[in-house]
Amino acid sequence: VNLAQRLDFEVETQIDLGINPKLYCGKSKVAADTSDCYLNFHRFGLYLQGDKEPNWLKKLFTDFITFTVKLVVKGQICKEINKLADILAEFIQDTAADFLSDGGINVDIGVTTTPVILANYIESYHKGLTSYLNTTSVINNSVFHPNQLTENRMLYFWFSDEVFKPLIAAAHQDGRFQLNISSEEVKALFKTSLSSTQPEYIEKCLLESASPELRVWSSSVPTLTTSTMGTSVWAQATGELYCGSQNKPTLFFQTNVTIDVTASYADKKLFLHGKPQEIFVVRAELPPQNQQIYDEAQIEFIRESVEKIGIPKVLSVLQVEITRLMDKQGANLFDIINPEVLHQEGYVVTHMDFGFPHHLLVDFLKRTLQ
């Protein structure tokens, strides 16, 4: 029988799609299984060439096609849903795995045990091990307990200090905590109103030098301790002020700084808020004169400058750079809704609602199905 002709079908359908998803641990990741999937066809009519009152031959043909299409649609839709669920789950977890990793610093967040699936939530435990220069951190047993969390938000992350400490140490060793400020920006910073008197050599440097430069870096590994007041960070910061000559700084200083830091996230930007607790000038000198600074007025100027100029500047740079890194790792692909960072004794809890923007989901599905 030669049916080499165009056949136009009009489809009238009403379908219920049911999915009973299950999660399991596969390849150190949480995987989705949607094989328990069903389609109920309340109505499924095919009308050959729009004919809703076909003769017996057309009806026999369309009934055969209807039966075949039902089987194909049911099997294929459930198969594609299962495939896409796996791809989407892997995409989200790959994004999360890369979130704390950059360059030579990597954080392994592979699951340690099969996720616990309860009536109201899914609970999973992850390694959180930092690797840098062929060295991997070691973390003692977690003190996490589910009662540390509520159940009124979509997503919770629980981080202990033991996760952040080796990550900060790796960033320090990798030279991430360095900041060079030059030219007009240096002059603008020193226009900040201070109660202490500006030393003559600073004033001369800013007035006479065409391109002053301030170089600041962490000279030892920063440490942190989290409490209900926030995350207390101790750091030893070293600074050098250059006034035209790049060979020898005009001023060298080294300070120990303790600051309470809290974080917030809004409009897809990270904000860091710092409250200085203690600033101690360990050492200060004038290298051109090979002279140590012992004058209390000059020491106080350096201390106040670190408090009112240095700390706000460093925090502003850090929040921009961390936001840039988060965007690079894909955080801006998601709608993070009303996130909150809660500081407790020895750990931080971040909870939020989140969504996957519709246009990105459509684009993701198109690329996946191709």
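Identification of the protein as Cholesteryl ester transfer protein from Ameca splendens is taken from an unreviewed UniProt entry. The Subcellular location (unreviewed entry) comment attached to the protein in UniProt states, word for word, "Secreted". UniProt, in the comment section headed Sequence similarities (unreviewed entry), describes the protein in these words: "Belongs to the BPI/LBP/Plunc superfamily. BPI/LBP family."

## Focus: the state of the cysteines
Under the counting rule described, the total for this entry stands at one disulfide. Linked covalently through their sulfurs, Cys-205 and Cys-243 form a disulfide whose S-S length is 1.8 Å. Between Cys-205 and Cys-243, the S-S dihedral sits near -105 degrees, and the bridge is therefore left-handed. Here Cys-243 lies in strand E14 (residues 230-243) and Cys-205 lies in helix H4 (residues 200-208), a separation of 38 residues in the sequence. In this structure Cys-205 comes out as buried when scored by relative accessible area, which is 4%.

## A word on a nonpolar patch on the surface
On the surface, Leu-17, Ile-19 and Ile-77 cluster together into a nonpolar patch covering about 230 Å² of accessible area. Turning to its location among the elements, Ile-77 is positioned in helix H1 (residues 56-99). On the accessibility criterion, Ile-77 (32% relative accessible area) is partly exposed.

## With respect to the pairing of strand E13 (residues 223-227)
Going residue by residue along E13, you find Leu-224 and Thr-226 tucked away on one face and Thr-223, Thr-225 and Ser-227 left uncovered on the opposite face. The pairing of E13 with E14 spans five bridges and is antiparallel. Its bridge partner lying in E14, Ser-227 is registered against Gly-230. Following E13, the chain reverses through two residues before pairing antiparallel with E14.

## Quick word on the environment of Glu-162
Relative to the helices and strands, Glu-162 resides in helix H2 (residues 161-173). Note on Glu-162: relative accessible area 35%, which makes it partly exposed. Separated by 20 residues in sequence, Glu-162 and Ser-142 place their C-alpha atoms 8.9 Å apart.

## Observations concerning the nonpolar core
Grouped burial of nonpolar side chains is what soluble globular proteins tend to show. Residues Ile-202 and Leu-251 are the most contacted members of the largest nonpolar core, which totals 34 residues. If you list the elements that add at least two residues to this core, you get strand E11 (178-182), helix H3 (184-189), H4, strand E12 (212-218), strand E15 (251-266), strand E16 (269-286) and helix H5 (296-328). The biggest single contributor to this core is H5, with seven residues. Non-local contacts of Ile-202, meaning those with residues more than four positions away in its chain, are made with Phe-190, Leu-241, Leu-251 and Phe-301. Among the nonpolar cores identified, the runner-up in size contains six residues, and Val-107, Leu-167, Ala-170 and Ala-171 belong to it.

## A short note on unusual backbone geometry
Positive phi is not limited to glycine here, since Asp-267 has a value of about 55 degrees. For Asp-267, a relative accessible area of 74% corresponds to the exposed category. Its identity is not glycine, yet Lys-268 carries a phi of approximately 60 degrees, on the positive side. Relative to the helices and strands, Lys-268 is located in the loop between E15 and E16.

## Here's the deal with the environment of Ala-89
Tracing the sequence through the fold places Ala-89 in helix H1. For the pair Ala-89 and Ala-32, spaced 57 residues apart in sequence, the C-alpha to C-alpha distance is 6.9 Å.

## Focus on the sheet that holds strand E10 (residues 155-160)
An order of E10-E19-E18 is seen for the three strands of this open sheet, with the pairing classed as antiparallel. Every interior strand has two partners, whereas the edge strands, E10 and strand E18 (335-344), have only one. Between one strand and the next, the sheet's axes are offset by a mean angle of 15 degrees, whatever the strand orientation. Two elements, E18 and strand E19 (residues 347-355), share eight bridges in a ladder whose sense is antiparallel. Each residue of the ladder has a partner; that of Ile-336, found in E19, is Phe-354.

## A short note on the sheet that holds strand E5 (residues 106-108)
Strands pair in a sheet through their backbones, by hydrogen bonds, and they do so in one of two ways: parallel or antiparallel. Strand order in this open sheet of three strands is E5-E8-E9, and the pairing throughout is antiparallel. At either margin of the open sheet sits one strand with a lone partner, and together these are E5 and strand E9 (135-136). With three bridges connecting them, E5 and strand E8 (residues 129-132) associate as antiparallel partners. Pairing of Val-107 across the sheet is with Thr-130, part of E8.

Calculation notes
- Residues numbered from 1 in each chain as written.
- Predicted model: local features only at pLDDT ≥ 70, side-chain atom pairs only at ≥ 80, totals over all residues.
- Heavy atoms only, no water.
- UniProt positions renumbered as here; feature names shortened; annotations may be inferred.
- Disulfide = S-S within 2.5 Å.
- Helix = DSSP H or I, 4+ residues; strand = E, 2+ residues; numbered from the N terminus.
- Buried < 20%, exposed > 50% of the residue type's maximum accessible area, 1.4 Å probe, protein only.
- Patch = residues over 30% accessible without salt bridge, like charges linked within 9 Å, V, L, I, M, F, W, Y side chains within 5 Å.
- Areas by Shrake-Rupley, 256 points an atom, 1.4 Å probe, with all protein chains shown as cover.
- Salt bridge = Lys/Arg side-chain N within 4 Å of Asp/Glu carboxyl O.
- Pairing = 2+ DSSP bridges.
- Core = buried A, V, L, I, M, F, W, Y, C linked by side-chain atoms within 4.5 Å.
- Contact = heavy atoms within 4.5 Å.
- Axes fitted to C-alpha atoms, helices over the stretch in contact; angles between N-to-C directions.

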